[in-house]
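# Inside the fold
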Amino acid sequence: MKRKAMKTLAVALAMTTVFAMGSANVFAEEETEAAQAAEVSEEDQAAADEVAALIDAIYVQTRTEDTDEQCTAAKEAWDALTDEQKELVEGENADPDYFGRDTGDASLDAPGNEDEIGENEILVVSFGTSFNDSRAEDIKGIEDAIAEAYPDWSVRRAFTAQIIINHVQARDGEAIDNMEQALERAVANGVKNLVVQPTHLMHGAEYDELTEAVEEYADQFESVVIEEPLLGEVGEDATVINEDKAAVAEAVVAAAVESSE
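Residues numbered from 1 in each chain as written. Predicted model: local features only at pLDDT ≥ 70, side-chain atom pairs only at ≥ 80, totals over all residues. Heavy atoms only, no water.

## Comments concerning the sheet that holds strand β2 (residues 154–159)
- One open sheet accounts for 4 strands, arranged β2-β1-β3-β4; its pairing is parallel. Looking at strand neighbours, the two that pair on one side only are β2 and β4 (223–226), the edges of this open sheet. With direction set aside, neighbouring strand axes in the sheet form an average angle of 20 degrees.
- By the bridge criterion, 6 bridges tie strand β1 (residues 120–126) to strand β3 (residues 193–198) in an arrangement that is parallel. Directly across from I122, in β3, lies its bridge partner V195.
- Lying over the sheet, helix α5 (residues 132–149) contacts β1, β2 and β3, oriented at roughly 145 degrees with respect to β2.
- Against the sheet, helix α8 (residues 205–217) makes contact with β1, β3 and β4, and its axis sits at roughly 180 degrees relative to β4, the strand it touches most. (Pairing = 2+ DSSP bridges. Helix = DSSP H or I, 4+ residues; strand = E, 2+ residues; numbered from the N terminus. Axes fitted to C-alpha atoms, helices over the stretch in contact; angles between N-to-C directions. Contact = heavy atoms within 4.5 Å.)

## Structural notes on helix α7 (residues 179–188)
- Of all the positions in α7, only M179, A182, L183, R185 and A186 are classed as buried. Seen end-on, α7 carries its buried residues on one side only, within an arc spanning 155 degrees. Residues of α7 that are exposed and point more than 90 degrees away from the buried face comprise E180 and A188.
- G190 sits one or two positions beyond α7 and adopts a positive phi of about 75 degrees. (Buried < 20%, exposed > 50% of the residue type's maximum accessible area, 1.4 Å probe, protein only. Arc of directions from axis to C-beta.)

## Some words on α8
- Between its first and last C-alpha, α8 extends 19 Å over 13 residues, near the 18 Å set by a 1.5 Å rise per residue.
- Listing the buried residues of α8 in full gives Y207, L210, T211, A213, V214 and Y217. On an axial view of α8, the arc spanned by its buried residues comes to 165 degrees, and they lie on one face. Away from the buried face of α8 by more than 90 degrees, exposed residues A205, E215 and E216 are located. (Expected span 1.5 Å × (residues − 1).)

## Observations concerning the pattern of salt bridges
- Applying the stated criterion across every chain, the model contains 13 salt bridges.
- Salt-bridge contacts for E114 lead to R156; the nearest nitrogen and oxygen are separated by 3.9 Å. Of the two residues, E114 sits in the loop between α4 (97–100) and β1 while R156 sits in strand β2, which places them 42 residues apart along the sequence.
- What makes E114 partly exposed here is its relative accessible area of 39%.
- We note a salt bridge from R135 to E174, for which the minimum N-O separation is 3.5 Å. In this pair, R135 sits in helix α5 while E174 sits in the loop between α6 (162–172) and α7, placing the two residues 39 residues apart along the sequence.
- The exposure class of R135 is buried, given its relative accessible area of 0%.
- Residue E174 is classed as buried on the basis of its relative accessible area, which comes to 7%.
- Where salt bridges share partners, they join D109, R135, E143, R157 and E174 into one cluster. (Salt bridge = Lys/Arg side-chain N within 4 Å of Asp/Glu carboxyl O.)

## Re a nonpolar patch on the surface
- On the surface, a nonpolar cluster with roughly 290 Å² of combined accessible area is contributed by L201, M202 and L230.
- Within the secondary structure, L230 sits in the loop between β4 and α9 (243–260). (Patch = residues over 30% accessible without salt bridge, like charges linked within 9 Å, V, L, I, M, F, W, Y side chains within 5 Å. Areas by Shrake-Rupley, 256 points an atom, 1.4 Å probe, with all protein chains shown as cover.)

## What to know about the nonpolar core
- Grouped together as the largest cluster of nonpolar side chains are 16 residues, with contacts concentrated most on L123, V125, M179, L183 and L194.
- Sorting the residues of this core by element identifies β1, α7, β3 and α8 as the ones contributing at least two each.
- Contacts of L123, omitting those with residues within four sequence positions, involve R156, R157, A158, M179, A182, L183, L194, V195, V196 and Q197.
- One finds A48, I55, A94 and A170 within the second-largest nonpolar core, a separate group that totals 15 residues. (Core = buried A, V, L, I, M, F, W, Y, C linked by side-chain atoms within 4.5 Å.)

## Things to note about a negative patch on the surface
- Where like charges cluster on the molecular surface, the negative patch consists of E180, E184, D208, E209, E212, E215 and E216.
- When contributions to the negative patch are tallied by element, the ones reaching two or more residues are α7 and α8.
- When you line up the elements, E216 lands in helix α8.
- A relative accessible area of 63% places E216 in the exposed class. (Lys, Arg positive; Asp, Glu negative; His and termini not counted. Charge placed at Lys NZ, Arg CZ, Asp CG, Glu CD.)

Structure, rendered in structure tokens:
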């Protein structure tokens, strides 16, 4: 009986050792897998961080001689990421939506930066938008309506927001002129009569910057006219209602009434 008990104990001890060794192997494998996962995660994050830095570099209001290359580099780096890596993109101004958000078909828009302008140009200036549907339907819609109303004039486009210009160029490959580029294009094409039509709602910093940019080139044209924003001139106080404000108010009310019927 004593030997049998000792034999049973020995078997039990042996089995315990085997189980312990097996558990150790399992733990070792799990630790190895965790280490590998951590290593991959670091690589993924590094790739995502690089793209975030490239996006932050073009999320600026100033165009430089490096802007075109920076836009291309940012998009190429984004396209090289896996879907999982794209979700990790996060920077001061960067996130997965910068390149990944679906805002419509960019091909439906036209950048309006063609040469062969002629002597008479209407430059339609907007703040801009990176949403393709809005750009094609709203901004291009205004430009097309102006072109139809003034067939003897060439209609061109400029955006005042370089941040938007860079976004559209990097994501969709569509290059839109900023104010300086549009004015340089007008001069190079021999434009004599320039009309600047803003789509801005009211007077403000954007409109003032637009005016200052045009004034720097004014002596290179025979005539330059800068139209007022939608709500027209600023009155002495809020009680002053000019013709532009009245026209806008009437149009808004008419549209509201029509939609409610």
